[in-house]
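Topology and contacts: notes
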Amino acid sequence: MYDSEVGPGNLTPLEELKSLDQQIDQIHSLAGLQPLFARLEEITKQHSDDFEVQLVAHDVKQHMLARGSKIKQTQPAPLAAPPPEPEVIAAAPPIPAPDKPRRRKGLVWAFVGLLALAGIAIAVSVIQDRNQKLAATTPMDANITTVPPGAAIAINGQQTCTSDCVAKLAPGTYQVAATLDGHESANAQLTIAPSQAATLKLTLTPQNPNVRIFADLQKGQVFLDDQPGVDLQDGQLTLEHVEPGTHTVRVAGGTSEASFSFATAPAALPAVAGMLKTKDLLAVLVSNVGTKGRLVTSSGPLKLVLNGQAEADATTEGIELTALHTGASEFVLGEGTTQRTLTGTFDGTPTLTAYLKTDQKIGTLLITTGQDDVRIFIDNKEQKRRTVKGQARIQTFGDVTVRVEKPGFEPVPVQKVKVEQGSEIKLAFAMKALPQFASISVSGAAAGTQILLSDRLLGTVGGDGSFRNANIAPGEHSIELRRDQFEPKRFTRTFRAGETVVIGVAESTLAAIPPPPPPVAAPPPPKPEPAPVKAAPPKVRSGDISNFDVPGAWQLADGVYHHKGAANLTYGLPPSGIFTFSIYMLKGGSVLRGGRVRWFLNYTDAKNYILFEMDEENLWSKVIVNGKSADRKRVAHKQDKSMRVWNIQLDVSAAKLTTKIQGDDDKWVELDSWTEPGRDFTKGKFGIQVTGGDEVGLSNFTFTGR
């Protein structure tokens with residue numbers, strides 16, 4: 001019976017126990033249960049050290065006992081035998097009563113049962129603890145969808161998948177960014193809970209196209225539809241976010257003129273409509289969304305090489321481009337003496353770029369630096385135009401010497417180039433930031449030793465006896481080492497940008513505080529009344545940039561922590577205390593409007609908080625309630641406009657919020673003092689806000705709680 005219904009085969013102990021349990025209800029006699037019971041006992045003995053097997057075996061045995069009791073109750077009673085003939089027998093002696101040892105044996109079995117139940121309880125606890133630890137580290141499904149689909153999904157800055165998609169993520173909090181050509185990027189925070197799948201839906205806003213004019217005209221105007229003309233600046237102009245529909249652009253300067261029509265729609269490739277009309281110039285129009293592009297010329301056919309790859313001949317009807325890529329691209333049109341080279345940078349924003357080339361003795365330099373607001377010198381004469389989005393186009397002619405510079409960056413070698421008539425030449429300059437901070441390195445100290453810089457806690461020595469911090473503002477600072485039951489040590493050092501102050505074993509070793517001398521014997525005084533026990537003062541919590549809720553959202557580069565893309569970056573510690581930090585506007589704004597850095601307090605959700613914004617001239621404060629913003633105050637800070645970095649100090653208490661800025665003389669100047677009945681400034685969270693495609697930086701970030 002057992003061999004035909006149950007067999008170990010290749011089953012694991014748990015799988016075999018499950019098979020036994022399934023067969024129990026199919027047995028209809030006590031004899032049929034016997035082989036199952038025998039195998040159950042074998043498995044229990046063979047795996048006596050496996051809590052999970054013991055637990056399951058106990059459940060199977062209880063099932064088997066219950067089945068046996070039911071079978072016994074349903075079996076018919078045996079037929080009664082006929083009564084025997086009467087027989088006279090001697091009276092039997094009285095049956096003796098059971099003796100005491102039998103009761104003791106029952107107590108022993110009860111004790112064994114209690115031990116078994118205790119073992120089972122321990123097994124259940126161990127299994128539950130193991131399952132909880134496993135759930136805390138097991139990756140779960142994160143279902144990420146976008147409207148529209150097809151967006152590139154980056155999680156904590158790492159490219160992960162293309163929507164709609166499922167990412168496997170361990171429990172924790174993540175920053176998710178979605179990008180798609182023709183749309184504004186979307187950002188959100190995603191939290192994965194143990195043993196729970198998560199979903200996230202991001203909606204990307206379609207972009208209206210830009211129109212760029214690059215002309216060999218020293219003076220000229222651009223007319224869009226029936227609007228008044230706008231002057232060209234150094235032969236160029238950008239019309240941003242042109243409304244959907246059909247439009248006409250006319251460019252006029254001197255005797256030269258060009259006009260063209262085009263149709264636009266959100267997130268779509270601008271479409272040139274009809275023929276290009278020109279006078280005394282060649283017009284080349286390039287429309288693109290990401291790497292999808294099309295080129296139209298005012299004359300042709302012309303040989304075309306794009307980024308070193310031959311394309312179909314350029315014509316007045318237009319051709320599709322196959323070798324366009326994001327970033328810098330180079331177009332070579334024509335052959336021989338009429339050959340022209342055009343350069344430009346292209347990205348995912350829908351754009352129509354018009355190159356207008358005359359026969360004037362003038363060419364174009366495309367200068368790329370990777371940095372904004374870089375000063376440009378041609379033959380040692382500073383140009384009016386500075387770099388925007390890391391580049392600038394400058395009109396010039398002949399043999400020229402080009403130099404670039406920016407405060408806070410190392411000098412860059414000068415470049416010489418010959419600019420010919422109608423040519424476009426790209427010059428790339430690698431800008432390397434000067435060290436802005438000094439470092440401190442401590443070695444040979446006892447673990448747990450506190451390092452204070454200018455009376456502020458900098459950090460604590462680790463288990464290996466070392467400590468390092470690379471975000472020290474240059475200047476003279478006091479250094480103090482503290483440890484319980486040891487004499488503190490204090491000294492002064494001068495910190496220079498790019499250099500490290502080293503504190504070795506001799507300076508980091510602290511002397512133990514000697515024990516007090518034994519007291520002189522004296523008669524015991526009267527026993528005093530017990531003094532009331534005073535509550536210990538609350539522990540002050542201090543922190544640095546690692547205490548942001550998502551530390552991975554900040555990337556360290558050249559001593560500055562960077563974050564790019566829209567996000568509300570919240571801080572993990574309660575904001576009762578003093579925040580001090582340097583905040584940088586690394587990328588943001590435009591030629592006409594500088595970028596702003598932003599921080600917030602009282603943050604409960606994305607629709608309720610107080611917001612501070614700072615640009616090159618002013619500090620604004622606003623109150624956001626249920627998503628509606630109300631201006632509170634504007635204050636001029638009168639700091640250096642060229643640096644785009646500000647040293648900020650926030651003193652936050654329940655009743656008052658004070659904002660200070662460090663001036664050029666290193667003194668802290670109060671910008672704003674905010675008190676408001678009914679508002680507790682320590683409620684909610686502090687954080688940094690980044691909007692759109694801006695990039696901000698943080699350094700020297702410290703928080704001292706109170």
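All of the points below concern the structure found in this document. (Residues numbered from 1 in each chain as written. Predicted model: local features only at pLDDT ≥ 70, side-chain atom pairs only at ≥ 80, totals over all residues. Heavy atoms only, no water.)

Things to note about the nonpolar core
Phe581, Trp599 and Phe686 are the most contacted members of the largest nonpolar core, which has 38 residues in total. Among residues more than four places away in sequence, those in contact with Phe686 are Leu569, Thr570, Tyr571, Pro575, Phe579, Phe581, Trp599, Phe600, Leu601, Leu650 and Phe701. Ranked by size, the runner-up nonpolar core spans 23 residues in total, among them Leu217, Val222, Leu224 and Ala354. (Core = buried A, V, L, I, M, F, W, Y, C linked by side-chain atoms within 4.5 Å. Buried < 20%, exposed > 50% of the residue type's maximum accessible area, 1.4 Å probe, protein only. Contact = heavy atoms within 4.5 Å.)

Here we look at the side chain of Glu613
Within the secondary structure layout, Glu613 lies in strand E43 (residues 608-614). Side chain to side chain, Glu613 and Arg598 meet in a polar contact 2.9 Å long. In contact with Glu613, not counting residues within four places along its chain, are Arg596, Val597, Arg598, Asn618, Leu619, Trp620 and Lys622. (Helix = DSSP H or I, 4+ residues; strand = E, 2+ residues; numbered from the N terminus. Polar contact = N/O pair within 3.5 Å; in protein donor to acceptor, adjacent residues only side chain to side chain.)

Comments concerning the state of the cysteines
Think of a disulfide as a covalent bridge from one cysteine sulfur atom to another cysteine sulfur atom. As enumerated under the stated definition, the model contains one disulfide in all. Bridging Cys161 to Cys165, the disulfide has an S-S length of 2.1 Å. (Disulfide = S-S within 2.5 Å.)

Topic: the pairing of strand E3 (residues 158-162)
Bridging between strand E2 (residues 152-155) and E3 involves four bridges; their strand directions are antiparallel. Of the residues in E3, the one forming a bridge with Ala152 is Thr162. Linking E2 back to E3 in an antiparallel pair, the connection comprises two residues, with Asn156 at a positive phi of about 50°. (Pairing = 2+ DSSP bridges.)

Remarks on unusual backbone geometry
Residue Asp164 is reached from Ser163 by a cis peptide bond, and omega for that bond is -5°. Relative to the helices and strands, Asp164 resides in the loop between E3 and strand E4 (165-169). Notably, Ser454 is not glycine yet its phi reads approximately 50°, a positive angle. Relative to the helices and strands, Ser454 is located in the loop between strand E31 (450-453) and strand E32 (456-460). The class for Ser454 is partly exposed, based on a relative accessible area of 32%. With phi around 55°, Asn602 is a residue other than glycine that occupies positive phi space. One can find Asn602 in strand E42 (residues 597-605).

Details of the sheet that holds E32
In space, the four strands of this open sheet follow the order E32-E31-E34-E35, with antiparallel pairing throughout. Strand pairing shows two members of the sheet lacking a second neighbour, E32 and strand E35 (489-495), which therefore form its edges. The average angle at which neighbouring strand axes cross in this sheet is 30°, direction not considered. (Axes fitted to C-alpha atoms, helices over the stretch in contact; angles between N-to-C directions.)

Some details on the environment of Ala433
Within the fold, Ala433 resides in the loop between strand E29 (424-428) and strand E30 (438-442). In this structure the C-alpha to C-alpha distance between Ala433 and Phe409, which are 24 residues apart in sequence, comes to 4.1 Å. Sequence-distant contacts of Ala433, defined by excluding residues within four places in its chain, comprise Gly408 and Phe409.

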